[in-house]
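# Observations on chain architecture
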Amino acid sequence: MSFTEDQGYIIMLAVTCFLIPLCVMFYCYLRVFLKVRLHKKQMERWGHNRDGERRFMRETKTARVVFTVLFVFVGCWTPFVFVYVLHTVSSIHISPTVFHCVTLIAGVHSACNPIVYIVMNRTFRNDLLRMCPGVNCGIFTCCVRHDRIQPFDTETELDVTQR
């Protein structure tokens, strides 16, 4: 019997590697959302000021990135968990091609988070470009204003003892 047919193993894997992390992430991201919403209400109540508006915009951008990361996690792992659990608890025949596709999608998740951060976070993108100046092609050229990129000083910015 292979591990894909062992019902107990697949259910344990689905719970510990998908459902529990999903619940934890959902709880944490819900807290972020509620914090952003509370801050927005406070800003409306107290009137507008520049510092408050900037802070709110940063919090909103952070919340957008966080929810995108959660959405990508769910989108990549749900098909995998669904197909494997369905295969082990029912007598439905699922083709090997489907197994390979959902496994590939789940594996692609590892590459998705850095892409999300590069696309949605200017600071992350600029720091990456400063650290790897030879990467300045393709999507990075479209997303970055080159006059904002500062040279990366490895002696001061990578020294963990200073932080």
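As a convention, each chain's residues are numbered from 1 in the sequence order in which they are written. For a predicted model such as this one, the threshold for reporting local features is a pLDDT of at least 70, and the threshold for listing and counting side-chain atom pairs is 80 or more; totals across whole chains, interfaces and linings nevertheless cover every residue. Excluded from the side-chain calculations are hydrogens and water; all other atoms, namely the structure's heavy atoms, are used.

In this section: the overall build of the protein. The way it works is that DSSP assigns letters per residue, a run of H or I at least four long becomes a helix, a run of E at least two long becomes a strand, and they are numbered from the N terminus. From N to C terminus, the protein includes six helices and zero strands. Starting at the N terminus and ending at the C terminus, the protein contains elements arranged as α-α-α-α-α-α. The classification of residues rests on relative accessible area computed with a 1.4 Å probe and restricted to protein chains. Under 20% of the type maximum is buried, over 50% is exposed, and intermediate values are partly exposed. Taking all 163 residues of the protein together, the buried fraction comes to 25%. Should any heavy atoms of two residues lie within 4.5 Å, those residues are considered in contact. Long-range pairs, those at least 24 residues apart, make up 50% of the contacts in the protein with a sequence separation of at least 6. Methods summary: accessible areas were calculated by the Shrake-Rupley approach with a probe of 1.4 Å, and residue burial reflects only the protein chains presented. When the accessible surface of the protein is split by element, carbon and sulfur atoms take 65% of a total near 11,600 Å².

The term salt bridge refers to a side-chain nitrogen of Lys or Arg lying within 4 Å of a carboxyl oxygen of Asp or Glu. Overall, the coordinates contain one salt bridge when judged by the stated rule. Here Arg-130 makes a salt bridge to Asp-127, at a shortest N to O gap of 2.2 Å. One end of the pair, Arg-130, and the other, Asp-127, are both in helix H4 (residues 122-131), three residues apart, so they sit about a helical turn from each other. Using a relative accessible area of 18% as the deciding quantity, one classes Arg-130 as buried.

Aromatic rings from Phe, Tyr and Trp, with only the six-membered ring used for Trp, were paired whenever their centres fell within 6.5 Å, and each pair was classed as stacked if the ring planes differed by under 30 degrees, edge-to-face if by over 60, and tilted otherwise. Per the counting criterion, the structure on display carries five aromatic pairs. Aromatic side chains Trp-77 and Phe-80 sit 5.3 Å apart centroid to centroid with 85 degrees between the ring planes, which places their arrangement in the edge-to-face category. Taken together, the residues Trp-77 and Phe-80, both in helix H2 (residues 50-89) and three residues apart, mark about one turn of the helix. Take Phe-80: its relative accessible area is 16%, and that puts it in the buried class. Every member of this aromatic cluster is reached through a ring pair, and the members are Trp-77, Phe-80, Tyr-84 and Phe-99.

With that out of the way, let us pick up the confidence of the model for the protein. Every residue carries a pLDDT, the predictor's confidence in it, which falls somewhere between 0 and 100. Residue-level pLDDT values for the protein average 78, and 75% of them are 70 or greater. Between the elements of the protein, mean pLDDT differs from a low of 50, seen in helix H6 (residues 154-157), to a high of 92, seen in helix H3 (residues 96-120). Segment residues 159-163: pLDDT under 50, and three contacts once partners within four positions in sequence are set aside and those in other chains are kept.

Moving on, we get to the nonpolar core. As a rule of thumb, nonpolar side chains are buried together in soluble globular proteins. Within this scheme, the nonpolar core is defined by two criteria: the residues are buried Ala, Val, Leu, Ile, Met, Phe, Trp, Tyr or Cys, and they are joined through side-chain atoms within 4.5 Å. If you look at the biggest cluster of nonpolar residues, it comprises 22 residues, and the most contacted ones within it are Tyr-29, Phe-80 and Tyr-84. Taken together, the elements giving at least two residues each to this core come down to helix H1 (7-46), H2 and H3. Per element, the largest residue contribution to this core is eleven residues, and it comes from H2.

So, on to H4. Turning to H4, its buried residues number three or more, namely Arg-125, Asn-126, Leu-129 and Arg-130. Down the axis of H4, the buried side of the element spans an arc of 135 degrees, and every buried residue falls inside it. Two or three places before Thr-123, at the opening of H4, Asn-121 has a side-chain oxygen 3.0 Å from that residue's backbone nitrogen. Taking the helix axis as origin, the arc is that swept by the directions to the C-beta atoms. Pairs of N or O atoms within 3.5 Å make up the polar contacts considered here, provided that, within protein, one atom can donate a hydrogen while the other can accept it, and that residues adjacent in sequence are counted only when both atoms are side-chain atoms.

So, on to the environment of Val-119. Among the structural elements, Val-119 can be located in helix H3. Residue Val-119 is classed as partly exposed on the basis of its relative accessible area of 42%. In the structure, Val-119 is positioned 54 residues away from Val-65 in sequence and 9.6 Å away in space, judged by C-alpha atoms.

What follows concerns a nonpolar patch on the surface. The patches described consist of residues with a relative accessible area above 30% and no salt bridge, like charges being joined within 9 Å and nonpolar side chains (Val, Leu, Ile, Met, Phe, Trp, Tyr) within 5 Å. A surface patch of nonpolar side chains, amounting to about 460 Å² of accessible area, comprises Ile-11, Val-15, Leu-19, Ile-20, Val-24 and Val-89. Looking at the nonpolar patch element by element, the count peaks at five residues for H1. Tracing the sequence through the fold places Leu-19 in helix H1. Looking at Leu-19, the relative accessible area reads 40%, which means it is partly exposed.

The subject of this paragraph is the side chain of Thr-88. Position of Thr-88 relative to the elements: it lies in helix H2. Polar side-chain contacts of Thr-88 include one of 3.0 Å to the backbone oxygen of Val-85.

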